[in-house]
Amino acid sequence: MRSINLEALINPMARLVFCLVFLNISVILLVLIGVRASSGSSLEKSSAFFIFGDSTVDPGNNNYIHTIPENQANFKPYGQNGFFDGPTGRFSNGRVIVDFIASYANLSLIPPFLEPSADYSYGVNFASGGAGVLPETHQGLAIDLPTQLKYFEEVKKSLTEKLGEAEADEVISEAVYFISIGSNDYMGGYLGNPKMQENYQPEDYVAMVIGNLTEAIQVLYEKGGRKFGFLSLSPLGCLPALRALNPNKDSENGCFEAGSALAAAHNNALKGVLTSIEYIFEGFKYSNSNFYTWLEDRMNNPSNYGFKDGINACCGFGPYGGMLTCGGNKNITEYNLCGNPDDHVWWDSFHPTERIHEQFAKALWDGPSSSVGPFNLQDLFFSKGKLTIADIVDAPHLKDTSFSNII
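A. Here's a closer look at the overall build of the protein. When helices and strands are tallied, the protein shows 14 helices and 10 strands. Counting all 407 residues of the protein, 50% fall into the buried class. Counting contacts in the protein only where the partners sit at least 6 residues apart, residues at least 24 apart contribute 71% of the total. Accessible surface, the protein as shown: approximately 19200 Å² in total, 53% of it carbon and sulfur.

Pasting the structure below:
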C-alpha cells in the first residue's frame, strides 16, 4: 500500500488557512483605514458642525455687514501666518479654535453664514465679532445671538429643501452645536456702559445674560439639536485691553479684577445651568470647558506651554499692546507687530494667537473629564464604540464579527 505523506497534505492546508486568515485581516485593516478618521479615530461618519458666537469664532461674517473697524479683521496683518492666502475676517494671525475642531472631525472649514453660495451640508458658522448674548450689546454693529438663531432657522429650511425632511432632521439631530459668546456682554455691554451699571447689580446682570443664553440653548434643542459644546469665558480682566485700562494696575497685579469676576460668575452659573438642563432635556449631551483656568495658567506660566510672553499683545499699541490698533485701520493708525506670534499668548488686544486656539481645540477635542466634560468633543462628533485592528485580532469573541457590525 502506498504511504500517505501527511506533511505534504498538512503544509498546503496550513498555508491555505494562513493565507485566508491573513487576507481577512488585511481586508479588515483596509476597511478600517478607509473609514477611520486619523484625528477622530472613529468608524462612523462625522456630525455636522453649527457654530454660534462672537469674535472668538467668527470666520468672516463681519466682512459682509456694516460695522466699525474694531469689529473686523479682514485686513493685514490678520491671517499673516500663511495658512490662508490673506486676511479672512478671523481675529487671529491664522486659524481659530473651530477651524481646528472641524479638522479633527474630518470636516472642511465651516463657512460663514453670510458667505455667498456657501454649502451648509456639513454645518455653518453664524458667529460675529462684537456679538453678545443680549441684542443690546453693540446693537446694530454685530450679529447678536437671537439673530444668529434666526439665521439657523433659515439654514434648517434650506437643508430640508435640499435633502428632504427626514435626512435634514437627521443632520440637525446628529450635529454638534458649538457656542462661544458672552465676553462682549460684560466688557462693552456692562463695564463699558454706565447706564447698565446703574440699572443692574453685577449678579443681576449675569443672571440676565445666563437666562438669555439658556433660552437660546432651549431654542436649538427644540429645533432638534442634542449635542452641544461650550467655550467658557476667559479671565476678561487680564486681556491686554483691560490691563491697559485698569486704573489699579499695581494693586490688582495688572488685571482688571471686576472683568475677571464677571467672567468667573458667568462660568459658574453656566455650569449649574448645563447640569440642570442635562436632567430636564431628554438626550441632551454637552461638553463644557475650563477656558478660564487654561488661559490664566498660560498667561502666568507661559514657558510651561512653549510661550515667551503671556501678557503683551503681539499686534497693538500702548501698554501691553492693549490699544486695539492692529493693522492701523482705526482712529489711531500706529501699531507694533512682534517678530514671532507663536511666542505670544495674545495676538491683539482682545484675541489669542493661532497657537493658543490650537492648544485649546486639542484639549476640547480629547481632553480628560477633569477639564472637559461630561463629554469631550470627540465623544460628541463620533460614536464612543470604536474597534481597533488589535481588538479584532486579539479578541476571540470577535472572530465572527461581520463588516456590517464593524462599520
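B. Representation of the state of the cysteines in the model. Applying the stated criterion to the full structure yields three disulfides. A sulfur-sulfur distance of 2.1 Å marks the disulfide that ties C238 to C255. Handedness here is read from the sign of the S-S torsion; for C238 and C255, about 115°, the answer is right-handed. Taken together, the positions of C238 in the loop between β4 (227-230) and α8 (240-245) and C255 in the loop between α8 and α9 (257-280) put the pair 17 residues apart, joining distant regions of the chain. Exposure remark for C238: the relative accessible area of 8% places this residue in the buried category. On the basis of relative accessible area, C255 is assigned to the buried category, the value being 6%. Note on cysteine connectivity: C314 is disulfide-linked to C338, with sulfurs 2.0 Å apart. Here the S-S torsion is close to -90°, and the disulfide linking C314 with C338 is therefore left-handed. Here the residue C314 occupies a position in the loop between β6 (309-313) and β7 (315-316), and C338 occupies one in the loop between β8 (336-337) and β9 (344-346), the gap between them amounting to 24 residues. Take the cysteines of the protein that form disulfides and number them in order along the sequence; they join up as 1-2, 3-6, 4-5.

C. Focus on the packing of aromatic side chains. Taken as a whole and judged by the stated rule, the model has 29 aromatic pairs. Judged by centre distance (5.7 Å) and plane angle (75°), the ring pair of F152 and Y177 falls under edge-to-face. Within this pair, whereas F152 is found in helix α3 (residues 145-163), its partner Y177 is found in strand β3 (residues 176-180), the two being separated by 25 residues in sequence. The burial state of F152 is the same as that of Y177; both residues are buried. The ring centre of Y221 lies 3.7 Å from the NZ or CZ of R226, which sits over that ring. Stacked on the ring of Y305, the Lys or Arg R298 has its end atom at 4.0 Å from the ring centre.

D. Up close: helix α7 (residues 202-222). Here α7 contains 21 residues, and its C-alpha end-to-end distance of 30 Å stays within 8% of the 30 Å for a straight helix at 1.5 Å per residue. When we look at burial in α7, the residues that qualify are Y205, V206, V209, I210, L213, A216, I217, L220 and Y221. Buried positions in α7, seen along its axis, are confined to an arc of 155° and lie on one side of it. Turned more than 90 degrees away from the buried face of α7, the exposed residues are E215 and E222. Once α7 finishes, G224 follows within two positions and takes phi at roughly 120°, a positive value.

E. Expanded view of the side chain of T353. Within the element layout of this structure, T353 appears in the loop between β9 and α11 (354-366). Discounting residues that sit within four places of it in the chain, T353 has contacts with S92, N93, F307, P341, H344, V345, W346 and W347.

F. Quick look at the packing of α3 against helix α4 (residues 165-174). Two elements in contact, α3 and α4, have axes separated by 7 Å at closest approach and are oriented at 135°. In terms of orientation, α3 and α4 fall into the oblique class. Between α3 and α4 lies a crossing of right-handed hand. Touching F152, K156, L159, T160 and L163 of α3 are E165, E167, A168, D169, V171 and I172, all from α4. For the contact of α3 with α4, the class distribution of residues is six nonpolar, one polar and four charged.

G. Structural detail: the pattern of salt bridges. One pass over the structure, following the stated rule, counts seven salt bridges. Note that E354 and R95 form a salt bridge whose closest N and O atoms lie 3.0 Å from each other. One end of the pair, E354, is in helix α11; the other, R95, is in the loop between β1 (49-53) and α2 (97-104), with 259 residues separating them in the sequence. Summarising the burial analysis for this pair, E354 and R95 share the class buried. Of the charged contacts, one joins K308 and D343 as a salt bridge, the two residues approaching to 3.9 Å between their closest N and O atoms. Of this pair, K308 sits in the loop between α10 (291-300) and β6 while D343 sits in the loop between β8 and β9; the two residues are 35 residues apart in sequence, bridging distant segments of the chain. Judged by relative accessible area, which is 69%, K308 ranks as exposed.

H. Summary view of the sheet that holds β3. One open sheet holds the six strands; their spatial order is β2-β1-β3-β4-β5-β10, and the pairing between them is mixed. Looking at the sheet topology across the chains shown, the edges are occupied by β2 (123-125) and β10 (372-374). Within this sheet the neighbouring strands show an average axis-to-axis angle of 20°, counted without direction. In this sheet, strand β5 (residues 285-289) lies alongside β4 in parallel orientation, the contact comprising four bridges. Counterpart to F228 in the pairing with β5 is Y286. Along the sheet face, α9 touches β4, β5 and β10 and points at about 165° away from the line of β5.

What counts and how
- Residues numbered from 1 in each chain as written.
- Predicted model: local features only at pLDDT ≥ 70, side-chain atom pairs only at ≥ 80, totals over all residues.
- Heavy atoms only, no water.
- Helix = DSSP H or I, 4+ residues; strand = E, 2+ residues; numbered from the N terminus.
- Buried < 20%, exposed > 50% of the residue type's maximum accessible area, 1.4 Å probe, protein only.
- Contact = heavy atoms within 4.5 Å.
- Areas by Shrake-Rupley, 256 points an atom, 1.4 Å probe, with all protein chains shown as cover.
- Disulfide = S-S within 2.5 Å.
- Phe/Tyr/Trp six-rings, centres within 6.5 Å; stacked < 30°, edge-to-face > 60°.
- Lys NZ or Arg CZ within 6 Å of the ring centre and 35° of its normal.
- Expected span 1.5 Å × (residues − 1).
- Arc of directions from axis to C-beta.
- Axes fitted to C-alpha atoms, helices over the stretch in contact; angles between N-to-C directions.
- Parallel < 35°, antiparallel > 145°, perpendicular 65-115°, else oblique.
- Left-handed = near helix turned anticlockwise from the far one by under 90°.
- Nonpolar A, V, L, I, M, F, W, Y, C, P; charged D, E, K, R; others polar.
- Salt bridge = Lys/Arg side-chain N within 4 Å of Asp/Glu carboxyl O.
- Pairing = 2+ DSSP bridges.

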